[in-house]
Amino acid sequence: MKFAVNVSTIFTEAPFLARFAKAKQHGFSHVECQFPYAAAPEAVAAELEEYGLSLVTINLPAGDWEKGERGLAILPGRHDDFRRALEEGVRYALALGAPRLHCMAGVVPADLPRERAKEIYMRRLDETAAALGVHGLTLTIEPINPFDMPGYFLTDIDEAVAIIRALGRANVKVQYDIYHMARLGRDVTATFAAYEPLIDHVQFADAPGRHEPGTGALPYREIFAFLQEQGYNGAIGLEYIPSGKSSESFAWYEEYRGMKGGGGR
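Bear in mind the structure is a predicted one, so any value in this text is a computation, not a measurement.

As a further point, take the packing of helix 2 (residues 41-50) against helix 3 (residues 79-96). Relative to each other, helix 2 and helix 3 sit at 30°, their axes nearing to 9 Å. Looking at the two axes, helix 2 sits roughly parallel to helix 3. Our pair here, helix 2 against helix 3, has a crossing hand that is right-handed. Where helix 2 abuts helix 3, its residues Pro41, Val44, Ala45 and Leu48 lie against Arg91, Tyr92, Ala95 and Leu96. A per-class count over the contact of helix 2 with helix 3 returns seven nonpolar, no polar and one charged.

Given below as structure tokens:
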């Protein structure tokens, strides 16, 4: 199986652009990133090329993170900001060779009725899917648990799937984060099997601590074996927060690779 180290959550001991070299040094050929926008796309592209790395996904810009924004897609009165974020995300995805972008929904304001938020969300997802489709890019949406992100709009994978089906666009898919599914109380393998045709990307962190595999309650060996049996051939994004030094958080993989007699990163 292929694993993609998330350079936004791992190797944070190093400056952002230095993390790509770290990924390569630890044997990875795939990476993912939440927000590459603090660096010029040319600089990130140079790091990817230098170390022979494939970038599997990025997020669209999500607004002012320091002020608590976690996406713009549901927010009324922010269409111009959302349009600029979409243009920026597409520009980076094309420059970096990322085939998919995740659109964060946002935190629901206290005075915004949920139905109104959903109406705006659907319209902006449709707009985004159309813009990405011109370039052959995939749009993903991801249910996120309310413990980590209170007030986030999209917390239910059943609703995410219903939204995707209602949109009817072939390039809109689910980003299936096993950590969030576990924190939401879902059976991570049964839910994956139920919605597999609509799942485009998988991420993993152990639960409940969101650290590397083997630090929580999830049977990661069995989960990875299940994904392989299901025929999932994409990369598994390692979006975990190392429990200690990043360089010491890969013991689980050395064991996993040894059991498999090899393996890909």
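Having seen the structure, we can now continue with the description.
Below, the discussion takes up the pattern of salt bridges. Here the structure, examined in full by the defined rule, presents 16 salt bridges. With a shortest N-O distance of 2.5 Å, Asp81 and Arg78 are connected by a salt bridge. Using a relative accessible area of 26% as the deciding quantity, one classes Asp81 as partly exposed. Two residues, Asp200 and Arg100, come together in a salt bridge whose shortest N-O distance is 2.4 Å. Placement of Asp200 in strand 8 (residues 199-204) and of Arg100 in strand 5 (residues 100-102) is noted, with a sequence separation of 100 residues between them.

Closest axis-to-axis distance for the helix 7 (residues 188-195)/helix 8 (residues 220-229) pair is 10 Å, and the angle between their directions is 15°. By the angle class used here, helix 7 and helix 8 are roughly parallel. Read as a crossing pair, helix 7 and helix 8 show a hand that is right-handed. Across from Val188, Thr189, Phe192 and Ala193 in helix 7, the residues of helix 8 making contact are Ile223, Phe226 and Leu227. Split into classes, the residues belonging to the contact of helix 7 with helix 8 amount to six nonpolar, one polar and no charged.

Each value, and the rule that gives it
- Residues numbered from 1 in each chain as written.
- Predicted model: local features only at pLDDT ≥ 70, side-chain atom pairs only at ≥ 80, totals over all residues.
- Heavy atoms only, no water.
- Axes fitted to C-alpha atoms, helices over the stretch in contact; angles between N-to-C directions.
- Helix = DSSP H or I, 4+ residues; strand = E, 2+ residues; numbered from the N terminus.
- Parallel < 35°, antiparallel > 145°, perpendicular 65-115°, else oblique.
- Left-handed = near helix turned anticlockwise from the far one by under 90°.
- Contact = heavy atoms within 4.5 Å.
- Nonpolar A, V, L, I, M, F, W, Y, C, P; charged D, E, K, R; others polar.
- Salt bridge = Lys/Arg side-chain N within 4 Å of Asp/Glu carboxyl O.
- Buried < 20%, exposed > 50% of the residue type's maximum accessible area, 1.4 Å probe, protein only.

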